[in-house]
Amino acid sequence: MKVPLLDLQAQLEYLEDDLVAAVTRVVQSTRYIQGPEVEALEEEVAAYCGASYGVGVSSGTDALLISLMSLGIGQGDKVLTTPYSFFATMGVILRLGAVPVFADIDPISYNMDPARMEEILKADTEREIKAIIPVHLYGQCADMSSIMQLADSFGIPVIEDAAQAIGADCPMILDTNRKIGRAGSMGLAGCFSFFPSKNLGGIGDAGMVVTQNKDFAEKLVLMRNHGAQPKYYHKIVGGNFRLDPIQAAALRVKLPYLDRWHTNRNENATVYSRLLTESTLVGDGRVVCPQIVYSGEFSASGKQLNYHIFNQYVLRVEKRDELREWLQKNDIGCEIYYPVPLHKQECLAKLSIDTHCPVAEKAAGETIALPIYPELTVEMQNYVVEKIVQFYD
Ligand SMILES: *Cc1c(COP(=O)(O)O)cnc(C)c1O
């Protein structure tokens, strides 16, 4: 049996007609820059995320970049982030001449550890840290209650890298106020990627920034279009970070499916975790299943407080590299997110950032992602687990 890591063909089977119609609509409209499809998607995604404004951009990377640009982050500024993420989280900081500062992660959620953040913020007596970028890795929110409380107490804006977490929820407990926060809507801005492998993926590159802040939204809109207002009068230096209307039209076809896909991914995660737990691998510690922090806690309305959208289902395992080879040999797609933590990347060498993040370094050597896409069948999952069990036997 062949089990790919992601199978976009499987969703094309029921989406193709609508996607082709959406693209054709854009072609026939001759509105090829901005226009009604982009505006409609911005409204729909902002509403879905519980945010007031959505600003469509060219990619998740550019969503992060224009957010930092709109904050005025530049040469010599410091930005606090996680060492365990996709490169873009750090790349945008470096491209602006700013310097990343890394707070090590929590070993269970793989997200930035607020206790490490607090140490770093307290040691920053010169107040050089100008922004904080938490990442909601694999589709599970970082501990936003603690992060927002810390950020507010130091007066530092938070830009959420929610590229992997559109639609994820987490508890937001600020003082006595207890509510559910949705990924991207809790910080000053939330950045999304519509890269085809994300839970909401376009038919090419696309991204969006959402925010509750009107002034910041206006700044983002300026920044996305060369800082021009009116046309040909440039108050600030922006760039061309616009969202393509063809992508917007395609994403509008997919957005209504998103909650169902999240449910399917959650069901698949439950099946994997059950099958692995039934084997002896979990009991003897050779395999650790992903854990949902705050699992079982519900709000007054009965809604799960922490909702993981499982963009990735990531195990922590013994003999990771050998397992990966074995799975690939058996036609099972798998991937390592990420083999090298950000603070160990070669491009940072000349900055000589002296950082130790032992938890992230350990995770980078032990984690492996299995196929979790919504159309995955139980037969496929049985086969994957069978092969994992066989490997350790
Ligand atoms: C995918 C991703 C990005 C970048 O998104 P692109 O649309 O590929 O530019 C940024 N951060 C994280 C955590 C991601 O997973």
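Residues numbered from 1 in each chain as written. Predicted model: local features only at pLDDT ≥ 70, side-chain atom pairs only at ≥ 80, totals over all residues. Heavy atoms only, no water.

Draft legend 1. Geometry of the overall build of the chain. Along the chain, the regular secondary structure elements total 12 helices and 12 strands. Relative to its length of 393 residues, the chain is compact, with a C-alpha radius of gyration of 21 Å against a globular reference of 21 Å. Referenced to the eigenvectors of the C-alpha coordinate spread, the extents of the chain come out at roughly 70 × 55 × 50 Å. Restricting to contacts in the chain with at least 6 residues of sequence separation, those with at least 24 account for 74%. Of the roughly 17100 Å² of accessible surface on the chain, a fraction of 52% belongs to carbon and sulfur atoms. Looking at charge distribution, the chain has the averaged site of its 35 positive side-chain charges lying 3 Å from that of its 49 negative ones. (Helix = DSSP H or I, 4+ residues; strand = E, 2+ residues; numbered from the N terminus. Rg over C-alpha atoms; globule rule 2.2 N^0.38 Å. Contact = heavy atoms within 4.5 Å. Areas by Shrake-Rupley, 256 points an atom, 1.4 Å probe, with all protein chains shown as cover. Lys, Arg positive; Asp, Glu negative; His and termini not counted. Charge placed at Lys NZ, Arg CZ, Asp CG, Glu CD.)

Draft legend 2. Spotlight on empty space enclosed by the protein. Applying the stated criterion to the full structure yields 2 cavities of 30 Å³ or more. Each pocket or cavity is described by its volume, and for the largest cavity that value is around 100 Å³. In this structure, the largest cavity is lined by 14 residues; those nearest its centre are Leu6, Leu8, Gln11, Lys198 and Arg265. Looking at the lining of the largest cavity, the elements with two or more residues in it are helix 1 (8-29) and helix 9 (258-278). The residue inventory of the lining of the largest cavity, partitioned by class, reads 6 nonpolar, 3 polar and 5 charged. Both domains that furnish three or more residues to the lining of the largest cavity are identified here as domain 1 (8-103 + 110-256) and domain 2 (258-392). If you trace the second largest cavity, you find it lined by Ile108, Ser109, Tyr110, Leu137, Tyr138, Gln140, Pro290, Gln291, His308, Gln312 and Val314. When the residues that make up the lining of the second largest cavity are grouped by side-chain class, the tally is 6 nonpolar, 5 polar and no charged. (1 Å grid on protein atoms, 1.4 Å probe; cavity = no way out; pocket = protein on both sides within 12 Å on 5 of 7 lines; lining within 4 Å. Points joined across faces, edges and corners; volume = space filled by probe spheres on them. Nonpolar A, V, L, I, M, F, W, Y, C, P; charged D, E, K, R; others polar. Domains from an automatic or database assignment.)

Draft legend 3. Region of the structure containing the nonpolar core. Of all hydrophobic cores here, the largest spans 54 residues; its most connected members are Val45, Ile132, Ile166 and Phe194. Shared between two domains, this core holds at least three residues of each, these being domain 1 (8-103 + 110-256) and domain 2 (258-392). Sequence-distant contacts of Ile132, defined by excluding residues within four places in its chain, comprise Leu80, Met112, Met117, Leu121, Ala151, Ile156, Pro157, Val158 and Ile159. Counting residues in each nonpolar core, the second largest holds 28 residues, with Leu276, Leu370, Val385 and Tyr392 among its members. (Core = buried A, V, L, I, M, F, W, Y, C linked by side-chain atoms within 4.5 Å. Buried < 20%, exposed > 50% of the residue type's maximum accessible area, 1.4 Å probe, protein only.)

Draft legend 4. Inspection of the sheet that holds strand 5 (residues 159-161) at higher detail. Here 4 strands make up an open sheet; going across it, the order is 1-9-8-5 and the pairing mixed. Edge positions in the sheet fall to strand 1 (53-57) and strand 5, since each of these pairs with one other strand and no more. Geometrically, the sheet is characterised by an average inter-axis angle of 20° between neighbouring strands, direction not taken into account. Inspection of the sheet shows strand 5 paired to strand 8 (residues 189-193) by 3 bridges, in the parallel sense. (Pairing = 2+ DSSP bridges. Axes fitted to C-alpha atoms, helices over the stretch in contact; angles between N-to-C directions.)

Draft legend 5. Highlighting the pairing of strand 11 (residues 313-317). Taking burial as the measure, the 5 residues of strand 11 include 5 buried ones, the bulk of the element. Burial along strand 11 is two-sided: Tyr313, Leu315 and Val317 facing one way and Val314 and Arg316 facing the other are all buried. Pairing geometry for strand 10 (residues 287-288) and strand 11, over 2 bridges, is antiparallel. Within strand 11, the residue paired with Val288 across the bridge is Arg316.

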